[in-house]
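# Report on the structure
Below, each chain spelled out in residue letters.
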Amino acid sequence: MHPSAFFLPTFLEAVRTNTEESLASFHVDDSEVTLNVCLGKQFSGGELYFRGIRCENHVNSETQHEEMYDYSHVPGRAVLHRGRHRHGARPTTSGLRMNLLLWCRSSVFREMKRYQKDFSSWCGECQREKRERQIQCVKATKLAFLRGGGGGMI
Ligand SMILES: [Zn+2]
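Residues numbered from 1 in each chain as written. Predicted model: local features only at pLDDT ≥ 70, side-chain atom pairs only at ≥ 80, totals over all residues.

## Digging into helix H2 (residues 124–147)
Put simply, the test is: Strands here are runs of E lasting at least two residues and helices are runs of H or I lasting at least four, both read from the DSSP assignment and numbered beginning at the N terminus. Any helix carries an expected span of 1.5 Å times its number of residues minus one. Around each residue's C-beta, the other C-beta atoms within 10 Å are counted; 20 or more make the residue buried, 12 or fewer make it exposed, and counts in between make it partly exposed. All C-beta atoms are placed from the backbone. Two residues form a contact once the distance between their C-beta atoms, set from the backbone, is within 7 Å.
With 24 residues, H2 ought to run about 34 Å at 1.5 Å a step, and its terminal C-alpha atoms sit 35 Å apart, in line with that. Buried residues of H2: Gly124, Glu125 and Cys126, and no others. If you follow the buried residues of H2, they end up packed against strand S5 (48–53).

## Quick look at the environment of Trp122
For Trp122, the location among the structural elements is in the loop between helix H1 (107–113) and H2. Residue class for Trp122 comes out partly exposed when judged on the 13 C-beta atoms lying within 10 Å of it. Linking Trp122 and Arg84, residues 38 residues apart in sequence, is a C-alpha distance of 9.3 Å.

## Some remarks on the nonpolar core
When a protein is soluble and globular, its nonpolar side chains tend to lie buried together. Defined as follows: Under the definition applied here, buried Ala, Val, Leu, Ile, Met, Phe, Trp, Tyr and Cys residues are grouped into a nonpolar core through C-beta atoms within 7 Å.
Formed by Ile53, Cys55, Phe119, Cys123 and Cys126, the largest nonpolar core amounts to 5 residues. Look past the residues within four positions of Cys123 in its chain and what remains in contact with it is Ile53, Arg54, Cys55 and His58.

## Notes on the sheet that holds strand S6 (residues 68–71)
Selection rule: Pairing between two strands requires that DSSP report at least two bridges joining them. Axis definition: a line fitted to C-alpha atoms, limited for helices to the stretch in contact. Angles are taken between N-to-C directions and run from 0 to 180 degrees.
Read from one edge of the open sheet, 3 strands run S6-S5-S8, paired in antiparallel fashion. Edge strands, defined here as strands with exactly one partner in the open sheet, are S6 and strand S8 (85–89). The sheet shows a mean angle of 25° between the axes of neighbouring strands, taken without regard to direction. Relative to S6, S5 is paired through 4 bridges, and the arrangement is antiparallel. The residue bridging Phe50 from the neighbouring strand is Tyr69, located in S6.

Put into structure tokens, the structure is as follows:
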């Protein structure tokens with residue numbers, strides 16, 4: 001791997017009891033993959049909530065029910081997720097929560113993304129739009145076939 005192809009900005013997040021949910025809490029990371037390690041200490045709350053993977057065009061689109069996923073931190077355990085997976089943290093209702101965040105970035109992936117228009121391989125909303133286009137296409141083909149009197153059918 002080329003040395004500049006992959007780099008890892010790292011953050012240490014320490015959250016004391018904070019009962020107000022931050023408006024900036026719901027976001028995507030500026031990473032391809034994020035590793036979030038819970039270092040402890042004693043706390044309650046601070047759960048992560050995930051709401052679907054989105055490309056830049058669809059980052060503010062609605063969440064489908066099947067995309068809702070909540071994760072409770074356990075000290076000593078980590079969660080690995082795509083940077084484009086929309087997420088936020090619930091308030092830490094007591095104690096002190098410490099998390100180590102590693103943002104894994106790929107300059108190769110970013111360069112490739114510039115030339116792509118269809119992200120249906122990973123964006124939930126692009127996938128939904130593609131399915132909808134396919135359904136409409138099949139409907140139109142059926143309609144055209146029916147209008148044509150069904151001639152030529154085997
Ligand atoms: Zn999309």
